[in-house]
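Coordinates in review
The chain contents come next:
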Amino acid sequence: VLIKTEYLTVMTNSISLPHLPEEQTDAQLLQRIKQKDRRALEAFYLHFQRPLFSYLLRLLGQETLAEDLLQEVMLIVWQQAQRYKGKATVSCWLFGIAHHQAYKILRKKTHEISLEADLNTLDRVQNLPDAALTPEDNALRSATSAEINQALNYLSAEHREVLELAFYQEFSCKEISSIVGIPDGTVKSRLSYARRALKTALLHNGWEG
Amino acid sequence: MQQSGPQWSHEDNRLKDNHLKEAVYQGYVARSGTFDSATQVSLACPKEQLAWYVNDTLPPQQREAITEHLRYCADCRYEVEQWSRTKTAIQLADAEQPLLRTMLFSAIEQRLDTNTPTARVRAIVTRAWQNLLVRTRYYSEILWTQARQIRVDLLWSPLLLLLISPSLIMLGYHIHTLSSLLNLQAFLSALLIALGMAFLYGQEIDPAYEMIQATPTEPALLLLLRGSIVFSYNVLINLLALLPLLLTHPGGLQLTPQWILGNWLAPLCCLAAISLLLSIVLNARVALCVCLLLWGLRALTLFSFNISLSSFLYSYGQFWQQTPLLFGIAAIAVILTFIAVERKERIVVL
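Residues numbered from 1 in each chain as written. Chains lettered and ligands numbered in written order. Predicted model: local features only at pLDDT ≥ 70, side-chain atom pairs only at ≥ 80, totals over all residues. Heavy atoms only, no water.

Here we look at the overall build of chain B
Counting its secondary structure elements, chain B contains 16 helices and zero strands. Considering chain B as a whole, with its 350 residues, one finds that 41% of them fall into the buried category. Counting only contacts in chain B whose residues sit at least 6 apart along the sequence, the fraction spanning at least 24 positions is 76%. Accessible surface, chain B: about 19,600 Å² in total, of which carbon and sulfur atoms supply 63%. (Helix = DSSP H or I, 4+ residues; strand = E, 2+ residues; numbered from the N terminus. Buried < 20%, exposed > 50% of the residue type's maximum accessible area, 1.4 Å probe, protein only. Contact = heavy atoms within 4.5 Å. Areas by Shrake-Rupley, 256 points an atom, 1.4 Å probe, with all protein chains shown as cover.)

Here is the structure:
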């Protein structure tokens, strides 16, 4: 556990958002993008590429698809930067676009998604007795990243999304609510549900404490 | 049991939110060792906020209050530990995700370059051309499949037309009978095409029907392609049947466009369309009977055999001379056929 924690600290430091110079905040970069400044778009891309890719990959599950969509999102930013009115943070606005685009694809390939796996897992979550939580607690602590990724794939896109936005992108409840377009209460309940489903999926995948 | 409340310090008074006060109060209860079940029920833990406490997005005041609450609430501490583990798991999983291609921004720039008006027009034209190619290939494949599944008797029966003219010529028919010969040929060709349309779909076990059931191809598309094959094949045979007459009597025939439209094409299209509609809506037998009846009556008017016609038969004969009306009826019948075939995948059984 200790080794994993250290490893995680190193990794999360290495993948955290690069700090922009003060004169180039997100909003200012968007201002320059409105004026069709390609260098600003490049800086904007470098700033958001990793978190955005991670989010899209988590939602779509396919590397090439996530890369294509990342390009698409950047094109939308280039074309529609003037639509940003400053009511939300830039990252919120950007992830909102990414969410919208990703769900357009997800809706198209709904038939390809194995609903059976999701339903089975979530059904088990619904019927899970409280006593069963104890070994699962250990599951989250000791499972490898591959096992966690595999377990996450058992969750529906909506549940993976809130986990990703809350704990990797570290958005607040209100921000997630505005990105995903659902009420605060739904974000909270979806997050609790996703946590339980993740634990169940870890057991479902054959993890043994 | 007497329950003494907590003494709110000046600092505590900053916490104006009652919910947070309750959280601290619960901490006081736990610290002082006093217990009141009624009080404990009323003091709800801020469970809904704990996930946001862990991801560090709560306002400072709220965060501070929860930190204080956690000192005394084992349940919430446990919950926070669970959320922390979830957070660690998600971050661990995300850290293992593949890296992005380094040249991705170049690809984005290329797409920006292709987003100019001329590039967009070029892209639309290219896409339309590719679309056309794909669709042509798709329809030609279906056409070929349908051609292979058409009943064999629909292919050889029109060939009988080819025998009529040479036979009559060999029997020594004179040039002045040619107009009657042409009328006979037009009459028979219309009947043959109508029967072909009636039996577009085959027996009870029809490979085409099986295909309709097994593939998502629209029934209307299959009907259109199959009907087009049979219709155009028959028209081609009709034209070939005229060849012997054209070759033996090149100057004797008066094949004007008006004659072709009025005496040949219009009745042919009308009868074929009526036959197709009846075969789809009802069945092939009904279509066959109606066609024979219509054409039998017309035979009386066309080849009068020196019998005086009743007024009804005379009007009926005139009806088949109304070119625009016949084309109109044919168009309506075809439209109704395609509506019917979409609504009801009815397969005609012989």
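Okay, back to it.
Looking at the overall build of chain A
Tallying secondary structure elements over chain A gives 11 helices and zero strands in all. Expressed as a percentage of its 209 residues, the buried residues of chain A come to 49%. Long-range pairs, those at least 24 residues apart, make up 72% of the contacts in chain A between residues at least 6 apart in sequence. Put simply, chain A shows about 10,200 Å² of open surface, and 53% of that area lies on carbon and sulfur atoms.

Details of the interface of chain B and chain A
Taken together, the contacts link 38 residues of chain B with 52 residues of chain A. Here chain B meets chain A over a buried area of about 4,400 Å², counting both sides, of which 60% is carbon and sulfur. Applying the counting rule to chain B against chain A returns six salt bridges. Salt-bridge contacts for A:Arg58 lead to B:Asp94; the nearest nitrogen and oxygen are separated by 2.8 Å. The interface formed by chain B and chain A includes 14 residue pairs in polar contact (both at pLDDT 80 or more). (Buried area = accessible area lost by both parts, 1.4 Å probe. Salt bridge = Lys/Arg side-chain N within 4 Å of Asp/Glu carboxyl O. Polar contact = N/O pair within 3.5 Å; in protein donor to acceptor, adjacent residues only side chain to side chain.)

Topic: the packing of helix H3 (residues 47–54) of chain B against helix H4 (residues 60–72) of chain B
How two helices sit against one another is set out by the angle between their axes and by the gap between those axes. All names here are of chain B. Viewed as axis vectors pointing N to C, H3 and H4 meet at an angle of 110°, and their least axial separation amounts to 11 Å. Classified by the interaxial angle, the pair formed by H3 and H4 is roughly perpendicular. Contacts between H3 and H4 involve Gln49, Leu50 and Tyr53 on the former and, on the latter, Gln62, Arg63, Ile66, Thr67 and Leu70. (Axes fitted to C-alpha atoms, helices over the stretch in contact; angles between N-to-C directions. Parallel < 35°, antiparallel > 145°, perpendicular 65-115°, else oblique.)

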